[in-house]
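Listed below are the residues making up each chain.
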Amino acid sequence: MSGSMPFYQKHHRHYDRGYRSRETESKLSQYQTSSRYTAGSSTSAISTSRGNVLFILILQITKHPVYGNPIFYSFWQIFKYTSLESVNRLKVSSHSGLEASRLSPVPKRAKPTYLAVDKENQIIGYVVPIFRGSQEFVTGFSNTEEARVRDTASYMARRDLFTSGLEMERSEQISRRETMRESAERISLNKRIYEHGEHFKRINEDSLMHAPEFVIKPRSHTVWEKQCVRLHCTVSGWPDPRVVWYKNNVAIDPIGNAGKYKLESRYSVHSLEINRCDFDDTAQYHVSAMNSKGELSAYASVVVKRFKGEIDESLPSPRHGPVSEYGINFQTHIVDKFGVSFGREGETMSLGCTVIIYPTLHLYQPEVQWYRDDVLLSPSKWNHMHWSGDRATLTLTHLNKEDEGLYTLRVTTKSGYETYSAYVFVKDADAEVERAPGAPLDVRCLDANKDYIIVTWKQPAVDGGDSILGYFVDRCEVGTTHWIQCNDTPVKFARFPVTGLVEGRSYLFRVRAINKSGMSRPSRVSEPVAAMDPSDRARMRGTSAPWTGQIIVTEEEPAEGVVPGRPLELQVTEATKNYVVLSWNPPGEKGLEGVMYYVEKCVSGTDSWQRVNTEIPVKSPRFALFDLAEGKSYSFRVRCCNSAGVGEPSDPTEAITVGDKLDIPSAPSKVVPTRNTDTSVVVSWVASSEAKELVGYYIEGSIEGSNVWEPCNNKPVKATRFICHGLMTGEKYMFRVRAVNAAGLSQFSPESEAVEVKAAIGGGIPHGVLPEMGPGGNAGQLTEHRPRWTGTHETVQSLPDTTQKRSKAQADTEARQGAGAASSALTQPDPVDSKRKGGKSGSVSWAPDLAKDLVSVSVSDSVSESLTDIATATHLDSVTAEVQDQAVETANESDAQQASSPAPPYGITVLECVCDSMVLAWKQPTFIGGADITGYFVDYREVTDGVPGKWHEANIKAISDRAYRVSDLKENRKYQFQVRAANMAGVGIPSLPSNTFLCEEWTIAVPGPPHDLQVREVRSDSLVLLWKPPVYQGRDPVNGFYVDIKEADAPEEVWRGVNNKATEKTFIKIKNLKEGERFVFRVRAQNKAGVGECSDVTEPVPALTKPGTKEIVVDVNDDGIISLNYEFCDLTPDSKFVWSKNYEEITDSSRLTIETKGNKSKAIFNTLEEEDIGIYSCLVTHTDGASSSYTLSEEELKRLLEVSHDHKFPIIPLKSELAVELLEKGKVRFWLQADKISANGKVDYVFNEKPLSQGEKYKMNFDKNTGVIEMIMESLTPADEGTFTFQLQDGKATNQSSLVLIGDVFKELQKESEFQKKEWVRKQGPHFIEYLGYEVTPECCVILKCKVGNMKKETSAHWYKDGREIKSDEHLGFTEGVLKLEIAQISKKDAGVYEVVLKDDRGKDTSTLNLTDQGFKDLMNEVFSFIANSSTALKITSTDQGIRLYTFVSYYNDLLQVTWHYKDSAIAFSDRIKSGVVGEQLWLQITEPTEKDMGKYAIEFNDGKGGLRRTVELSGQAFDDAFAEFQRLKAAAIAERSRARVAGGLPDVVTIQEGKALNLTCNISGDPVPEVTWLKNDREITSDDHCILKFASGKFASFIITGVNTSDSGKYSILVKNKYGTESGDFTVSVFIPDEAGGKKK
């Protein structure tokens, strides 16, 4: 076979030699170049022992399955060949030891790394050779090298045959254990190598190769933002494909996006994980698999969504529900559910459900959440959650009553969610002491501060049979196990502030209840809370040390030596009879050193303040006070303190009386149990009418007759309905409820009726799931309300049919039979029945309207068509007509009698129906026979196949109500009923037989119809409608009623609602009626399931006020007694006044006393209080409905109480209360004004409960015409501090008014009185009307001025500064005027204390003005303000040095403070940027400006207030212009500085004697160095021996004449010139000869 590389290794870097790591390449290179390993050295290649030939080939066989197998095959060929050659050549028959294991002729798999050993079996290194090539040649071995290896091996074998025994002894030193282990490994490896080799002999390697295929393609995902997503795929193919992931056709580089992408490939499963997805990750992803046979790709999409409220408007809205376009729509089913569970405190409970999700994706996990009472649960030491992939489990490790509630499992997939709920009940653990109460529950910490923590809890449902005396609170510091009791005596209020804590440490709390039998078990401990202020907690820098609970807190750096101010907003946040909690805000100053607080209390009515915390100040702005006297009133105030001292007290609180402000709630009412399932009952009740801060309700149940009550719930529920589980099927239970708040438990409600535990028809309410109310109100007035259920679907049943539908002919026949029966009963009554019921044989007493009832075309008194099948009689036969005539005649005859039996009732309806009884209702007869109806008798008969049976009596004793339950009926049988009324004259004839009703249990959810509608207080525009609630409540208690109205003659379609919102009362006042119109009414009841059927329609009622109608009048007599009075003139002998409250007859005389005399009745309130609020009505019986009502509201109650008090205790009205004012000379006047007082009125003046009388100190005056009463005092002394009272009396009427003058109030008044007195004395001479002040003029001059008065010519004014007189004004010529002193240019030297003294013979007055320190600073700030306002706009100019910004002010003062800003930051001045002042100009110089200096500049004048800022923008064109001008000026300045100049040194005229030497030198300047030219008489001269011209160092030009003569006289000039300019200097030389007379010059 050729030794070339296989073709598939040439095209794929997987198999290319360069694909190996650098380490492998290095080792391979070492292997190929080392003669020791390639030639087979004696130490590591071949060794023999005891005649054995060892042949070592060190081989690393790769684990890669593709190219590893051919290597195995090649290795086997090479090894087999070389081994057999060696064995045959050397004829070795045995081998042993390590060397022997390497001579095995059978190929074996080598370990990844082989050790190289020397001759003595010592490890000298390792090699990792790699064999490639054909089956005959190893890569890197030539034929010559192979021959060398064979020769060397033969030589070594022959040499070792004669080796001494020393080598044999060494080999025998190998332990037996190593020999056995290596032999076993050799045999195993040889076998595996042999099997692999044989296998690859039979396989054609090219037949295994195939293109990549996706066994599982990646799936699309839709995830929430910030979640992680993983795409998976499984790829097959050989050779193994290379897999690359792409995002939007761009290869994903996990290294370039570290932490964002993670790629994994294991066992042909490839995955891409995207960490914390964002919107940029929304894209199309595809994976590409490629090998030598081809390439294949698969695609998937990732959509990232945001939660609601975080959606970017620029992006599409997130989609909800199934994402069908990606091919996934999960269906979730919860099976194997947990049911209602019962546990006991301390036990462990597990709740679990099996969740089936289709389609099943093993790598996709739904979101599984657990809720308790709609609150999401998190894993904790109490709650352990587990999700196994198909089952969700919640384990409650240690049950407590806090764990009781409705548990909900919610399984959420991307296609939606499914939930399941069931209730868990937790009972109290067995008490450690018999009859001890249960443990409290739900211990929490409401308010945590440095000094105290308020702990709250809920009272237990079980009190052990004895009332709970109170509770003990225990605390335990975090990290310890030592519990400390916090209160010495039990507290009854379920809230307690725990004090005595160490600031910064964390605590746990628990609560125990106690009754007279013993102590309960402790509650579950609260969450740990730190004793520190919330503000400190926010600044906390450290963390809790787990072993101590110590918290490290850092605070602001305090300011030492500052006394803190007054605390702010002090208030009482909580008050009970055991403690009062105060809170306040720290003083406004911040950074004060170690501020703490002292709390002071004061009993109301006194001025004695006592410090509460004398020993230890309070650290936090909250404090709890104990040991206050219950019933007393206190005021409180707080002082701040620190090391600098104690501050002023805060404003005191209002007086508060110590006592529980929270009352125990009132008992619930109307407990109604309803069947639910075979083991549960739905209990509903009416909430407590008076319940503040309600915590919830406890329900108890008892088997009827056992008198043993057991709690149904151990955790309060806030709803007014609860499903009680765990009841015994078939037993009858009664229930009661009580409310609970922090103040305690209420009384129990009245016990409910017994209900048999039996499944309701139609199924019960699911575990813990209750129906919600439908839409509130009755928007359509007549629209039927259906219940809306949550968590289940249940059909709402309609009212059951009681009869089958019959044909019209059959209905007519039954109607005739009914009428005939009625007529036969009228004409021929049963003698037996007449005797039994008090009637006379053969006598007929009937109302004239009975015929109308008999011939009525349709009956509207039934509940509805679904409740009854109305039998309509459309025709009457001749018998009925005769009966009608006879009835009318009989009624006419009865009018002459005084009393007769009443007419028959009518309108029989069914109010409730159960399996064996029915509740009937009927209407009162229209004619009662002249006497009150004493009762009713009910008869019933069974109707079989339309044939009525015999009548049976339902009641032997007359019933007074117009509703009655007929019992002992048979289920699913049909019945008819008739009713007879009775009065003192006897029993009347029976009513017509009712419609046929089917006796079957109602299971509808909505209530039945109300009944017994009555109309009261009919007026022209209003009336009052009363009714009774339905007997059948439905599945839930009735919670309201709707009233409908229509005109009597209007069609049925025009019924309209009176109230849009359901009323809970059983009466309503209907207003805005049309006068004279006849109306009818009906009522519907509502419960949580919806609105029930309508009641019977009332008779038509005309809206008319009958003549003589009067209303109830309220009266208050002189003794303050309040009464309600009603008068009715048209009384009958049997008429009575019936008083009602809220339309329920008043039978209790404890609140009202009823007095009736003649046609007047009076209801007198014994003691009018809040419980008397309500509607009071009075009905006169045996009349045409005379009645009236009066509403006593809360406002009316207050008004009546005030009127009653005024009548009982009359007072003299006051226009103004006692007040105090100051008069001239500091006199004090106390006065008040009475509104009305007679001449007999008198006044007593009292001071500190001691009477005062007229005298030198007190001057009293009483003007009875105006009602002004006054008392004048010349002055106040310390003895006058106290309470002044004026007591008025005018006959029976009295009044008084007091004024308290104590403490600071009295001191201020006394001080003001003394001041007014001194002011009066001062104003008798020259004085200051306005004291000395100052004024700043716009020119910034300061004028000190004061206004004086009462001046005369002799008055003088003297001005002083710092005690030295600076000005004197004599003989002022005005009575009132202004004195002024002007300071032109104020400076620091003008600071001082200025004083003006006015004096003459009448006295003197002084006014002082302090213009030092702050006073002078305030003055200068005002001056600065004028200077700032006078400043001009900031301007820009250029100089040869740079750009200058400047402004002018009208006057500059050295004390003026200005700040220059650049881009709103103060400028830091340097050599380049400077500021200064020149005259009134303020400037900012920017030297050598650059573009970095562009921006906004401002100058700010500081005047101590807001200051004034002038700005200018140095940018754009402004900067360009300024910069260009700067460049121009700079160039001009440079030219001016650098031009040639004659600096000096030359005189104007030089006079010199002939023969002398003349030497003149001048300074020359210029850059570059100028050229110098000398001129004589305007002609250039040059240097020679006579006239030497020099120019040295570029600075000094010299003119030297060695010996002058007369020819040298003349005008000389020096001319200097460079490129910047030319300048000349002239001088004249005059030479004279000394011999000439007079020294004549030449």
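As shown above, the structure is provided for reference.
Remember, predicted model here, so these are calculated numbers, not experimental data. (Residues numbered from 1 in each chain as written. Predicted model: local features only at pLDDT ≥ 70, side-chain atom pairs only at ≥ 80, totals over all residues. Heavy atoms only, no water.)

(A) Focus on the overall build of the chain. A tally of helices and strands in the chain yields 17 helices and 103 strands. Relative to its full complement of 1642 residues, the chain shows a buried share of 44%. For the chain, the proportion of contacts with a sequence separation of at least 24, taken over those separated by at least 6, is 65%. Approximately 85,700 Å² of the chain is accessible, and the part contributed by carbon and sulfur atoms is 49%. (Helix = DSSP H or I, 4+ residues; strand = E, 2+ residues; numbered from the N terminus. Buried < 20%, exposed > 50% of the residue type's maximum accessible area, 1.4 Å probe, protein only. Contact = heavy atoms within 4.5 Å. Areas by Shrake-Rupley, 256 points an atom, 1.4 Å probe, with all protein chains shown as cover.)

(B) Local environment of the pairing of strand 64 (residues 1113–1116). The pairing of strand 64 with strand 65 (residues 1122–1127) spans 4 bridges and is antiparallel. Counted as the bridge partner of Val1114 is Leu1124 from strand 65. In this antiparallel pair of consecutive strands, strand 64 and strand 65, the connection spans 5 residues, and Gly1120 shows a positive phi of 80 degrees. (Pairing = 2+ DSSP bridges.)

(C) Representation of the pairing of strand 89 (residues 1457–1462). The pairing of strand 89 with strand 93 (residues 1495–1502) spans 6 bridges and is antiparallel. The partner of Gln1457 across the bridge, within strand 93, is Asn1502.

(D) Layout of the side chain of Thr408. Structurally, the position occupied by Thr408 is in strand 21 (residues 405–413). At a separation of 2.7 Å, a polar atom in the side chain of Thr408 contacts the side chain of Ser421. If sequence neighbours within four positions are ignored, Thr408 has contacts with Gln369, Trp370, Tyr371, Thr419, Tyr420 and Ser421. (Polar contact = N/O pair within 3.5 Å; in protein donor to acceptor, adjacent residues only side chain to side chain.)

(E) A look at the pattern of salt bridges. Tallied over the full model, the rule gives 63 salt bridges. In this structure, Lys247 and Asp281 form a salt bridge, with 3.8 Å as the shortest nitrogen-oxygen distance. Remark: Asp281 occurs in the loop between strand 11 (269–274) and strand 12 (283–291) and Lys247 occurs in strand 8 (residues 242–247); sequence separation between them is 34 residues. Like Asp281, Lys247 is buried. Measuring nitrogen to oxygen at the nearest pair gives 3.0 Å for the salt bridge that ties Lys1106 to Asp1184. Here Lys1106, found in the loop between strand 63 (1101–1102) and strand 64, pairs with Asp1184, found in the loop between strand 70 (1174–1180) and strand 71 (1187–1192); they are 78 residues apart in sequence, far enough to count as distant. (Salt bridge = Lys/Arg side-chain N within 4 Å of Asp/Glu carboxyl O.)

(F) Here's a closer look at the sheet that holds strand 40 (residues 680–686). On the basis of which strands lie adjacent, the open sheet formed by 3 strands has the order 39-40-43 and antiparallel pairing. The sheet is open, and its two edges are formed by strand 39 (669–677) and strand 43 (721–724), each paired on a single side. Recorded for the sheet is a direction-independent mean angle of 20 degrees between the axes of neighbouring strands. Relative to strand 43, strand 40 is paired through 4 bridges, and the arrangement is antiparallel. Note on strand 43: the bridge partner recorded for Val683 is Phe722. (Axes fitted to C-alpha atoms, helices over the stretch in contact; angles between N-to-C directions.)

(G) The arrangement of the sheet that holds strand 94 (residues 1508–1514) in detail. Sheet architecture is open: 4 strands sit in the order 90-89-93-94, paired in antiparallel fashion. Bordering the open sheet on either side are strand 90 (1465–1466) and strand 94, each of which pairs with just one other strand. Here strand 93 runs beside strand 94; their pairing, made up of 7 bridges, is antiparallel. For Ile1499, the partnering residue across the bridge sits in strand 94 and is Arg1510. With respect to the sheet, helix 16 (residues 1414–1430) is in contact with strand 93 and strand 94, its orientation differing from that of strand 94 by roughly 30 degrees.

(H) Expanded view of helix 15 (residues 1303–1322). Relative to the 28 Å expected for 20 residues at 1.5 Å per residue, helix 15 spans 29 Å between its end C-alpha atoms, a close match to the ideal helical length. Residues of helix 15 that are buried include every one of Phe1306, Leu1309, Gln1310, Ser1313, Glu1319 and Arg1322, and no others. Each element contacted by the buried residues of helix 15 is listed here: strand 72 (1214–1222), strand 73 (1228–1234), strand 79 (1293–1301), strand 80 (1327–1336) and strand 86 (1403–1411). (Expected span 1.5 Å × (residues − 1).)

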